[in-house]
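Structure at a glance
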Amino acid sequence: MVTSVAARVESLASSGIQSIPKEYIRPQEELTSIGNVFEEERKEEGPQVPTIDLKEIESEDTEVRERCRLELKKAAMEWGVMHLVNHGISDELMDRVRKAGQKFFELPIDEKEKYANDQGSGKIQGYGSKLANNASGQLEWEDYFFHLVYPEDKRDLSIWPKTPSDYTEVTSEYARQLRGLASKILSALSLCLGLEKGRLEKEVGGLEELLLQMKINYYPKCPQPELALGVEAHTDVSALTFILHNMVPGLQLFYQGKWVTAKCVPNSIIMHIGDTIEILSNGKFKSILHRGLVNKEKVRISWAVFCEPPKDKIILKPLPETVSETEPPLFPPRTFAQHIEHKLFRKTQEDALSK
């Protein structure tokens, strides 16, 4: 069964409602921490998400290269999220990716519905909105488009948007370049852990098996942004996540007990360390809790690409080199699929307890 048009957040937002349906209102304990995202982004005091300049990450000069790696290591250990600049992907390509996704979301809803997913039958790729499948029945203020973008032989191009006409070409090129960037980061992180350069890449599936899944998140304007979230607090299950956005703030990170709003850094790509790398590094690199705020004035769009290991082929557990008598393994061995199941089960229990 295809989700009905009425279920789209975009149609709710454009219907002229002044107050949001109760399913979108966050629990009382969360509401106290939801502020105005534009005011939050302007704050200069307090901790800020680090910016990592990758220009010298593969420099011929050992000292220069080492300095760059140390900055990456520090950000991965302390934050698990960072703005990457000089990452090697051109501004022009990033702009074309943004334009293509934006044009798709500008189509009338019934046009977009032709690409609707069907979560009930396991068809997760395509156009969708979150279904109230958690115990609290909570919904998020977003619609999205989800599809596997790499490796190329695993894609299903039949569900990719036909409009705009350059969507497939632009998104494919971006995915190819991001895959190269992922390798570069995984090599540097391996070396930061004292491992062989190619180790983390191999542990997450290598060129053949590491999947890149793109989710374009579309957050319509919200009449009561102080009551809702675009995406609720979570950590990413991926190895790495790369995010582009349309320069509208919204991402918040839970750092040292407080929500910190990420600034909009021009031409940067935001990168998260996901649970997979946190597990392999035995917690040395952090997978940070984060969420998305919404606002009244501007539509926010983000392009998240999740780099995920194969679901069942690899056992994820702390690498032997990251474990010692004083640092026992923090995570039990699980496949990627089991890790996702475990998280869902835990969340369902927590939601049930908080009712």
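Residues numbered from 1 in each chain as written. Predicted model: local features only at pLDDT ≥ 70, side-chain atom pairs only at ≥ 80, totals over all residues. Heavy atoms only, no water.

Counted only if it meets this: UniProt positions are given in the numbering used here, feature names are shortened, and annotations may be inferred rather than shown by experiment.
Looking up the protein chain in an unreviewed UniProt entry gives the name Fe2OG dioxygenase domain-containing protein, with the organism given as Hibiscus sabdariffa. In the Sequence similarities (unreviewed entry) part of its UniProt record, the protein chain is described as follows: "Belongs to the iron/ascorbate-dependent oxidoreductase family."

Overview of the packing of helix H4 (residues 62-78) against helix H7 (residues 167-192)
To keep things clear, this is the line we draw: The axes are straight lines fitted to the C-alpha atoms, using for helices just the contacting stretch, and the angles between their N-to-C directions are given from 0 to 180°. Working definition: helices are DSSP H or I runs of at least four residues, strands are E runs of at least two. Numbering for both runs from the N terminus. Just so you know how the angles are binned, under 35 degrees is roughly parallel, over 145 roughly antiparallel, 65 to 115 roughly perpendicular, and the rest oblique. By definition in these notes, contact holds between two residues if any of their heavy atoms fall within 4.5 Å. Amino acids are sorted into nonpolar (Ala, Val, Leu, Ile, Met, Phe, Trp, Tyr, Cys and Pro), charged (Asp, Glu, Lys and Arg) and polar (every other residue, Gly among them).
Put simply, H4 and H7 touch, their axes get as near as 10 Å, and they point 85 degrees apart. Looking at the two axes, H4 sits roughly perpendicular to H7. Judged by residue contacts, Arg69, Leu72, Lys73 and Ala76 of H4 engage Ala188, Leu189, Leu191 and Cys192 from H7. In the contact of H4 with H7, the residues fall into six nonpolar, no polar and two charged.

Things to note about the sheet that holds strand S9 (residues 258-261)
Note the cut-off: One requirement defines pairing of two strands: DSSP has to find at least two bridges between them.
Pairing is antiparallel in the open sheet, where four strands are placed in the order S6-S11-S8-S9. Among the strands making up the open sheet, the edge pair consists of strand S6 (231-234) and S9. With strand direction ignored, the average angle separating the axes of adjacent strands in the sheet is 20 degrees. Sheet topology places S6 next to strand S11 (residues 290-292); two bridges connect them, and they run antiparallel. Among the inter-strand pairings, Val231 is bridged to a residue of S11, identified as Gly292.

A closer look at the pairing of strand S12 (residues 300-308)
Consecutive residues of a regular strand have side chains that alternate between opposite faces of the sheet. Here is the rule we go by: Relative accessibility under 20% of the residue-type maximum defines a buried residue, over 50% an exposed one, and the middle range a partly exposed one, all with a 1.4 Å probe and only protein chains included.
Among the nine residues of S12, nine are classified as buried, and the element is accordingly described as predominantly covered. Residues Arg300, Ser302, Ala304, Phe306 and Glu308 line one face of S12 and the alternating positions Ile301, Trp303, Val305 and Cys307 line the opposite face, and both faces are buried. Bridge count between strand S5 (residues 211-219) and S12: nine bridges; the pairing is antiparallel. Bridge pairing in S12 links Tyr218 to Ile301. Relative to S12, strand S7 (residues 240-245) runs antiparallel, the two sharing six bridges. Its bridge partner being in S12, His245 is matched across the sheet by Ser302.

Digging into unusual backbone geometry
In this model, Tyr150 is joined to Pro151 through a cis peptide bond whose omega is 0 degrees. Along the chain, Pro151 falls in the loop between strand S4 (143-150) and H7. In the segment running from Thr163 into Pro164, the intervening peptide bond is cis, with an omega of 0 degrees. Along the chain, Pro164 falls in the loop between S4 and H7. One non-glycine residue, Gln256, adopts positive backbone phi at about 50 degrees. Relative to the helices and strands, Gln256 resides in the loop between strand S8 (251-255) and S9. Classification of Gln256 as exposed rests on a relative accessible area of 65%. Of note in this structure, Asn267 is not a glycine but carries a positive phi near 60 degrees. Of note, Asn267 is situated in the loop between S9 and strand S10 (269-273).

A few points about the packing of aromatic side chains
Just so we agree on the cut-off: Pairs were defined over the aromatic rings of Phe, Tyr and Trp, the Trp ring being its six-membered one, requiring ring centres within 6.5 Å. Orientation was assigned from the angle between planes: stacked under 30 degrees, edge-to-face over 60, tilted for the rest. By the criterion adopted, a ring carries a charge over it if an Arg CZ or a Lys NZ lies within 6 Å of its centre and within 35 degrees of its normal.
Enumeration over the complete set of coordinates arrives at eleven aromatic pairs. Between the aromatic rings of Phe104 and Phe105, the centroid separation amounts to 5.3 Å while the plane-to-plane angle is 85 degrees, which identifies the pairing as edge-to-face. With a relative accessible area of 1%, Phe104 lands in the buried category. The exposure class of Phe105 is buried, given its relative accessible area of 2%. Ring geometry for Phe104 and Phe145: centres 5.1 Å apart, planes at 70 degrees, overall edge-to-face. With Phe104 in helix H5 (residues 91-106) and Phe145 in strand S4, this residue pair connects regions lying 41 residues apart in the sequence. Cluster of aromatic residues (ring-pair linked, three or more members): Phe104, Phe105, Tyr115, Tyr127, Phe145 and Tyr218. Sitting over the ring of Trp160, Arg155 keeps its end group 5.5 Å from the ring centre.

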